[in-house]
Structures are given as structure tokens and as C-alpha cells.
Amino acid sequence: MAVDPKWEFVVLNVGEDQGVLPDGEMLVSRDGKLVAKVIVRSVQKNRCIANIVPGWQLGDIIEGDSVIPAHPAT
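Just so you know, these numbers come straight off a predicted model, no measurement behind them.

Caption draft 1: The side chain of Lys37, seen in detail. Topologically, Lys37 is positioned in strand β4 (residues 33–43). Residue classification places Lys37 among the buried residues on the basis of a relative accessible area of 12%. At a separation of 3.2 Å, a polar atom in the side chain of Lys37 contacts the side chain of Glu25.

Caption draft 2: Summary view of the side chain of Asp65. Looking at the secondary structure, you find Asp65 in the loop between β5 (48–52) and β6 (66–69). There is a polar contact of 2.6 Å between the side chain of Asp65 and the side chain of Arg30. In this structure the side chain of Asp65 is engaged in a polar contact, spanning 3.0 Å, whose partner is the backbone nitrogen of Ile62. Excluding residues that lie within four positions of it along the chain, Asp65 makes contacts with Met1, Val28, Ser29, Arg30, Val35 and Asp60.

Caption draft 3: Here's a closer look at the pattern of salt bridges. On inspection of all chains with the given rule, the structure shows 4 salt bridges. The partner of Arg30 in a salt bridge is Asp65, with the nearest N and O atoms 2.6 Å apart. One end of the pair, Arg30, is in strand β3 (residues 25–30); the other, Asp65, is in the loop between β5 and β6, with 35 residues separating them in the sequence. By relative accessible area, which is 9% here, Asp65 ends up buried.

What counts as what
Residues numbered from 1 in each chain as written. Predicted model: local features only at pLDDT ≥ 70, side-chain atom pairs only at ≥ 80, totals over all residues. Heavy atoms only, no water. Helix = DSSP H or I, 4+ residues; strand = E, 2+ residues; numbered from the N terminus. Buried < 20%, exposed > 50% of the residue type's maximum accessible area, 1.4 Å probe, protein only. Polar contact = N/O pair within 3.5 Å; in protein donor to acceptor, adjacent residues only side chain to side chain. Contact = heavy atoms within 4.5 Å. Salt bridge = Lys/Arg side-chain N within 4 Å of Asp/Glu carboxyl O.

Written out as C-alpha cells, the structure is:
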């Protein structure tokens, strides 16, 4: 994962092959603690680009943080 704090976006190493959908919401965590929420804007085969949701950044996102779907399918 790569982060651009100035433009508030991240590049995630998950994409179409892992079931990521455009406009999907993901939670970013580190050591079991929520760091931020992001919305997927662009999806490619094995990566996606997401914007940080305003008001949902509780800490700095760093390379190596984990992401999970905010609304997993039931």
C-alpha cells in the first residue's frame, strides 16, 4: 500500500481479483486499531485507489496497514 497524505488517497494491493468494487468502503487498521476509512474510486486487476473519508482519519496511514471491507457481504 502507498499513501499520499497531501492529496488524501491511498493505493491498496487489492483489486478486482479480490472482489473490490468501485465506491466500496474499506477500513484501515494497524495493530487492531482503526486508523481511517477510505472509499474506493478506481479498481484494477490487483490494486485500487481510494480516497480517505473526511472526518474518519484517526491517525496517519502508513505502508503496511491492513484493510478490510467496511460492509462485508453477509
